[in-house]
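Structural overview for review
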Amino acid sequence: MAVSGAKPMGATDEAGAARAVRQMFDSIAPRYDLLNHVLSANVDRLWWRRAARRFRCILERPEAEVLDICCGTGDMTMALLKWRPKGARPVLAADFSRNMLERGARKFGPGARAGAPYAVPIEADALHLPLGDASLDLIVTAFGFRNLANYEAGLTEFHRALKPGGRLGILEFSEPGGWLGKAYAVYFRRVLPAIGRAIIGREGPYSYLPASVGSFPPPAELLALMRRVGYGECAWQPYTFGIAGLYTAVR
Ligand SMILES: C[S@@+](CC[C@H](N)C(=O)[O-])C[C@H]1O[C@@H](n2cnc3c(N)ncnc32)[C@H](O)[C@@H]1O
């Protein structure tokens, strides 16, 4: 099974791939939210909310330890926070792009939340989490997993940090099949990079997006990898005709 990790253009090894991804997100951080909402016509909001709702039983427990990894500018984190009761332990929100994380912290950090449940920003690499073994009840990641330089290493690191019985949720794009898939491919591979280019004024990040989705393993392959790493109850739920989907698993 040839599942490895993200390969941004020009990167020759995993360290180079991670560096290229971090630099890319650092550079697009100021326009990231605008681009996201324009390019997805705000459907991304529904996906974040739906994914968070899936884990409400854990999120509603005040003592639950929750990590949003690859949190970026924090919209998934905000969706998770909606389910946290008053006085709950803060959510941990981690990303290795300082520029993305700083923008996220302005939304979810303690200073922004006036007594409401908040998240603690952590600058960290998903492949080397600064967290103890078996310390988390839930790890969620939205549209970040695809960018990891090594998917198996990412799943293994999440498995290490989850408590036995802890849950993993990976929200990611996928490529739908059939006529919709064909129409969507035109939007995703031609229209979307052109809009992205127009908004940020250069080639690159929004050509990387369709390329990275195209080379991401299809659901059956990723589920097989999750099982191989040691997860149980592995499943994939398509969202919006399979344009995106939520992978779930239990340590
Ligand atoms: C497409 S953005 C998604 C952000 C946010 N979760 C959302 O749904 O909008 C991907 C994020 O993953 C982060 N990322 C990619 N690889 C990472 C890694 N190895 N460790 C930590 N963060 C990573 C990037 O810096 C970026 O902020």
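One structure accompanies this document, and this report is about it. Source: prediction; values computed, not measured.

This part covers the overall build of the protein chain. Counting secondary structure elements, the protein chain contains 10 helices and seven strands. Taking 2.2 N^0.38 as the reference for a compact globule, 251 residues should give roughly 18 Å; the C-alpha atoms of the protein chain span a radius of gyration of 17 Å, in line with that estimate. Summarising its shape, the C-alpha atoms of the protein chain cover approximately 45 × 40 × 35 Å along the three principal directions. When each of the 251 residues of the protein chain is scored for burial, the buried share is 52%. Of the contacts formed within the protein chain by residues at least 6 apart in sequence, a portion of 75% connects residues at least 24 apart.

Strand order in this open sheet of seven strands is E3-E2-E1-E4-E5-E7-E6, and the pairing throughout is mixed. With one partner strand each, in any of the chains shown, strand E3 (119–123) and strand E6 (232–239) form the two edges of the open sheet. Taking the axes of each pair of neighbouring strands and ignoring which way they run, one obtains an average angle of 15 degrees across the sheet. Both E6 and strand E7 (residues 244–250) contribute to a ladder of six bridges, which runs antiparallel. Each bridged residue has a counterpart across the sheet, and for Ala-235 the counterpart in E7 is Thr-248.

Viewed as axis vectors pointing N to C, helix H8 (residues 178–200) and helix H9 (residues 205–215) meet at an angle of 150 degrees, and their least axial separation amounts to 7 Å. By the angle between their directions, the pair H8 and H9 is classed as roughly antiparallel. For the element pair H8 and H9, the recorded crossing hand is right-handed. The segment H8 lies against H9, with Phe-188, Arg-189, Leu-192, Pro-193, Gly-196 and Ile-200 engaging Pro-205, Tyr-206, Ser-207, Leu-209, Pro-210, Val-213 and Gly-214. Residue composition of the contact of H8 with H9, by class: nine nonpolar, three polar and one charged.

Calculation rules
- Residues numbered from 1 in each chain as written.
- Predicted model: local features only at pLDDT ≥ 70, side-chain atom pairs only at ≥ 80, totals over all residues.
- Heavy atoms only, no water.
- Helix = DSSP H or I, 4+ residues; strand = E, 2+ residues; numbered from the N terminus.
- Rg over C-alpha atoms; globule rule 2.2 N^0.38 Å.
- Buried < 20%, exposed > 50% of the residue type's maximum accessible area, 1.4 Å probe, protein only.
- Contact = heavy atoms within 4.5 Å.
- Pairing = 2+ DSSP bridges.
- Axes fitted to C-alpha atoms, helices over the stretch in contact; angles between N-to-C directions.
- Parallel < 35°, antiparallel > 145°, perpendicular 65-115°, else oblique.
- Left-handed = near helix turned anticlockwise from the far one by under 90°.
- Nonpolar A, V, L, I, M, F, W, Y, C, P; charged D, E, K, R; others polar.

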